[in-house]
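Structural characterization, general
Residues per chain, in single letters:
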Amino acid sequence: MKIAVLVSGGGTNLQAIIDSIDNGHLTNVSIEVVIASNANAFALERAKNHGIASLVITRKAYETMEAYDEAMLGAITSSGAELVVMAGFLSLLGPKVVQKYANRILNIHPALIPSFCGKGMYGIRPHEAVLARGVKVSGATVHLVNEFYDEGPILLQKAVDVLPNDTPETLQKRIMKECEQVILPQAIQCMADNKVVIENNLAKIVD
Ligand code: GRF
């Protein structure tokens, strides 16, 4: 399966996909393009170091959401990608991309949806909110993407305990390593193996 990976920041999730392909844990999957929402994303360095084509498409460079949506759609379709993976991508995708790739867009969210998600809940914020509320477990979620933030069918989740001496930073680091970098490659494999069934906004993994 050919995939396009969308990024905005450090790219630890992109690296986890690259490493999983290299070590054979992720099979029949190739990264055709990495698209960044800003030119300073370190994820672009990771793509370059691995000889993967990349480009930058920033929302601000376009006068309208339509023009941005059109540009993103053009970049993804011309790469030949069959699956779109939002790996730490912080921009909302436009309706054209969401419709063209309906049920073929994955997003990783650093909390257990439906808790601590939605507009503005990204980066360190979910972890700050988790500690502020005093919940005892947190984790990450891979979901299919629709036109609303974090509301698509949930595909995979993985939890960790919140430790008494956790800070937002220590919790974020543990969730990235023990949850995100584990379930995102697994979710891509399920899509590549055509093992995902979606009914009534619910996703099931079938054998
Ligand atoms: C990750 O926790 C991701 O879930 C969130 O931003 C963080 C950075 O991701 N959206 P990455 O290192 O850029 O993959």
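Anyway, here's the lowdown on the structure attached to this text. (Residues numbered from 1 in each chain as written. Predicted model: local features only at pLDDT ≥ 70, side-chain atom pairs only at ≥ 80, totals over all residues. Heavy atoms only, no water.)

Here we come to the nonpolar core. Membership of the largest hydrophobic core comes to 43 residues, with the highest contact counts inside it found for Val5 and Ile188. Tallying contributions element by element places helix H6 (residues 168-192) first for this core, with nine residues. Residues Ile35, Ala81, Phe89 and Tyr101 belong to the second largest nonpolar core, which totals 20 residues. (Core = buried A, V, L, I, M, F, W, Y, C linked by side-chain atoms within 4.5 Å. Buried < 20%, exposed > 50% of the residue type's maximum accessible area, 1.4 Å probe, protein only. Helix = DSSP H or I, 4+ residues; strand = E, 2+ residues; numbered from the N terminus.)

Turning to the sheet that holds strand S3 (residues 54-56), a few remarks are in order. The seven strands lie next to each other as S3-S2-S1-S4-S5-S6-S7, forming an open sheet whose pairing is mixed. A single partner strand is all that each edge strand has here, and the edge strands are S3 and strand S7 (154-161). Strand-to-strand, the axes of this sheet are offset by a mean angle of 20°, without reference to chain direction. Bridge count between strand S1 (residues 2-7) and strand S4 (residues 83-86): four bridges; the pairing is parallel. (Pairing = 2+ DSSP bridges. Axes fitted to C-alpha atoms, helices over the stretch in contact; angles between N-to-C directions.)

This brings us to helix H5 (residues 125-133). What H5 keeps buried is the set Pro126, His127, Ala129 and Val130. Along the axis of H5, the buried positions cluster into a sector of 160°, meaning they face one direction only. On its buried face, H5 is in contact with strand S5 (105-109), strand S6 (137-144) and H6. (Arc of directions from axis to C-beta. Contact = heavy atoms within 4.5 Å.)

Under the counting rule described, the total for this entry stands at four salt bridges. One salt bridge in this structure joins Glu45 and Lys48, with 3.7 Å as the shortest N-O distance. Here Lys48 and Glu45 lie together in helix H2 (residues 43-49), a separation of three residues that amounts to about one turn. With its nearest N and O atoms 3.2 Å apart, the salt bridge here joins Glu70 to Lys96. Separated by 26 residues along the polypeptide, Glu70 in helix H3 (residues 65-78) and Lys96 in helix H4 (residues 95-100) bring together distant segments of the chain. Residue Lys96 is classed as partly exposed on the basis of its relative accessible area of 33%. (Salt bridge = Lys/Arg side-chain N within 4 Å of Asp/Glu carboxyl O.)

To continue, consider the packing of H5 against H6. Where H5 meets H6, the closest approach of the two axes is 9 Å, and the angle between their N-to-C directions is 120°. Every pair of crossing elements has a handedness; the one defined by H5 and H6 is right-handed. On H6, the residues that touch His127, Glu128, Val130 and Leu131 of H5 are Pro168, Leu171, Gln172 and Ile175. Across the contact of H5 with H6, the residue classes tally to five nonpolar, two polar and one charged. (Left-handed = near helix turned anticlockwise from the far one by under 90°. Nonpolar A, V, L, I, M, F, W, Y, C, P; charged D, E, K, R; others polar.)

Looking now at the site of the ligand. Close contacts around the ligand come from Gly9, Gly10, Gly11, Thr12, Asn13, Ala87, Gly88, Ile108, Pro110, Met176 and Glu180, and that covers them all. At a separation of 2.6 Å, an oxygen atom of the ligand approaches a polar side-chain atom of Thr12. The backbone of Asn13 places a nitrogen or oxygen atom 2.9 Å from an oxygen atom of the ligand. Protein contact buries 90% of the 370 Å² of open area that the ligand shows by itself. Within the residue set of the shell around the ligand, elements represented by two or more residues are helix H1 (12-22) and H6. Looking at the shell around the ligand residue by residue, the class counts come to four nonpolar, six polar and one charged. (Near = heavy atom within 4 Å. Polar contact = N/O pair within 3.5 Å; in protein donor to acceptor, adjacent residues only side chain to side chain. Areas by Shrake-Rupley, 256 points an atom, 1.4 Å probe, with all protein chains shown as cover.)

A separate point is the side chain of Asn146. Residue position: Asn146 is located in the loop between S6 and S7. For Asn146, a relative accessible area of 18% gives the class buried. A distance of 2.9 Å separates a polar side-chain atom of Asn146 from the backbone nitrogen of Phe148. Ignoring anything within four residues of it in the chain, the contact list for Asn146 reads Val98, Glu151, Gly152 and Asn201.

Let us look at unusual backbone geometry. Of note, the amide linkage connecting Ile113 to Pro114 takes the cis form, showing an omega dihedral of 15°. Structurally, Pro114 can be placed in the loop between S5 and H5.

Its place among the elements puts Ala140 in strand S6. Taking C-alpha positions, Ala140 is 12 Å from Ala87, a pair spaced 53 residues apart along the chain. Setting aside residues up to four positions removed in sequence, Ala140 forms contacts with Ile108, His109, Pro110, Ala111, Leu112, Leu156, Gln157, Lys158, Ile175, Cys179, Glu180 and Ile183.

Don't take any of this as a statement about function, it's just geometry.
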